[in-house]
Amino acid sequence: MEPVMVISILGSAILLLLLIGAPLKPLRWTGQMLIRLSIGALLLFFLNTAGASYDIHVPINAATVFISGLLGLPGLASLAAIQYFIVG
């Protein structure tokens, strides 16, 4: 296939999705979960950066990213409290 044909097919598919929207709820749910997990990982990074002076280091792995992504700031605070008081 020629590059012009591939680009026109991809462009029309993107335009069609933008006009109609993604009707599949699982696809939308998966996208929202990926965004939440990305934000959770970013918040863990900032916690580790800011908490370096207080000896708070929460490892960034799948479990902690999942907890901070799903629960948000309360989950992040719980992870920091567990790290500081229990694991210490």
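Each chain has its residues counted from 1, following the order in which its sequence is written. Residue-level local features of this predicted model are given only where pLDDT is at least 70; pairs of side-chain atoms are given and counted only at 80 or more, and the full residue set underlies all totals for whole chains, interfaces and linings. Water and hydrogen atoms were dropped before computing side-chain values, which therefore reflect all heavy atoms in the structure.

Named according to an unreviewed UniProt entry, the protein chain is Pro-sigmaK processing inhibitor BofA family protein originating from Fictibacillus marinisediminis.

Colleague: How would you sum up the packing of helix α2 (residues 25-50) against helix α4 (residues 73-87)? Please name residues and give values.
Modeller: One way to put it is that α2 packs onto α4 with a least axis distance of 11 Å and a crossing angle of 40°. Taken together, the axis directions place α2 and α4 in an arrangement best described as oblique. In this structure, the crossing between α2 and α4 has a hand that is right-handed. On the side of α2, the interface is formed by Leu43, Leu44 and Leu47, while α4 contributes Leu73, Leu76, Leu79 and Ala80. The classification used treats Ala, Val, Leu, Ile, Met, Phe, Trp, Tyr, Cys and Pro as nonpolar, Asp, Glu, Lys and Arg as charged, and all other residues, Gly among them, as polar. For the contact of α2 with α4, the residue count by class is seven nonpolar, no polar and no charged. As a rule, the C-alpha atoms of each element are fitted with a line to give its axis, helices using only the stretch in contact, and angles between N-to-C directions run from 0 to 180 degrees. For the purposes of this entry, the term helix denotes a DSSP run of H or I that reaches at least four residues, the term strand denotes a run of E that reaches at least two, and both are numbered from the N terminus. For this classification, under 35 degrees means roughly parallel, over 145 means roughly antiparallel, 65 to 115 means roughly perpendicular, and everything else is oblique. Helix crossings fall into two classes, left-handed where the near helix is turned counterclockwise from the far one by less than a right angle and right-handed where it is turned clockwise. Only heavy atoms enter the contact rule, under which two residues are in contact if any of them lie within 4.5 Å.

Colleague: Now, about the nonpolar core: what can you tell me, with residues and values included?
Modeller: The tendency in soluble globular proteins is for nonpolar side chains to be buried side by side. Residue types Ala, Val, Leu, Ile, Met, Phe, Trp, Tyr and Cys, when buried and joined through side-chain atoms within 4.5 Å, form a set referred to as a nonpolar core. Summary of the burial criterion: residues with accessible area below 20% of their type's maximum are buried, those above 50% are exposed, and those between are partly exposed, where the area comes from a 1.4 Å probe applied to protein chains only. By size, the foremost hydrophobic cluster in this structure holds eight residues: Leu44, Leu47, Ile56, Val58, Val65, Leu76, Leu79 and Ala80. Elements with a minimum of two residues in this core: α2 and α4. The dominant element in this core, judged by the number of residues it contributes, is α4, at three residues. Apart from residues lying up to four places away in sequence, Val58 is in contact with Leu44, Leu47, Asn48, Thr64, Leu79, Ala80 and Gln83.

Colleague: Break down the packing of aromatic side chains for me, citing the residues and quoting the values.
Modeller: Side-chain rings of Phe, Tyr and Trp (the six-membered ring for Trp) are treated as a pair once their centres are within 6.5 Å; stacked means planes under 30 degrees apart, edge-to-face means over 60, and tilted covers the remaining angles. Throughout the structure, instances matching the rule amount to two aromatic pairs. Arranged with centres 5.7 Å apart and planes meeting at 55°, the rings of Phe45 and Phe46 form a pair that is tilted. Classification of Phe46 as partly exposed rests on a relative accessible area of 46%.

Colleague: Could you give an account of unusual backbone geometry, with specific residues and numbers?
Modeller: Glycine aside, a negative phi is what most residues show, and trans is what most peptide bonds show. We note that Asp55 has phi near 60°; this positive angle belongs to a residue other than glycine. Tracing the backbone shows Asp55 in the loop between α2 and α3 (62-71).

Colleague: Provide a residue-level description of the UniProt feature "transmembrane region" (unreviewed entry) in the protein chain, including the pertinent values.
Modeller: UniProt positions are given in the numbering used here, feature names are shortened, and annotations may be inferred rather than shown by experiment. UniProt records the feature "transmembrane region" (unreviewed entry) at residues 6-22, 34-54 and 60-87, using the numbering of this structure. The span residues 34-54 carries 81% helix and 0% strand; its end-to-end C-alpha distance comes to 30 Å. The span residues 60-87 is 89% helical and 0% strand by assignment, and the distance between its end C-alpha atoms comes to 15 Å.

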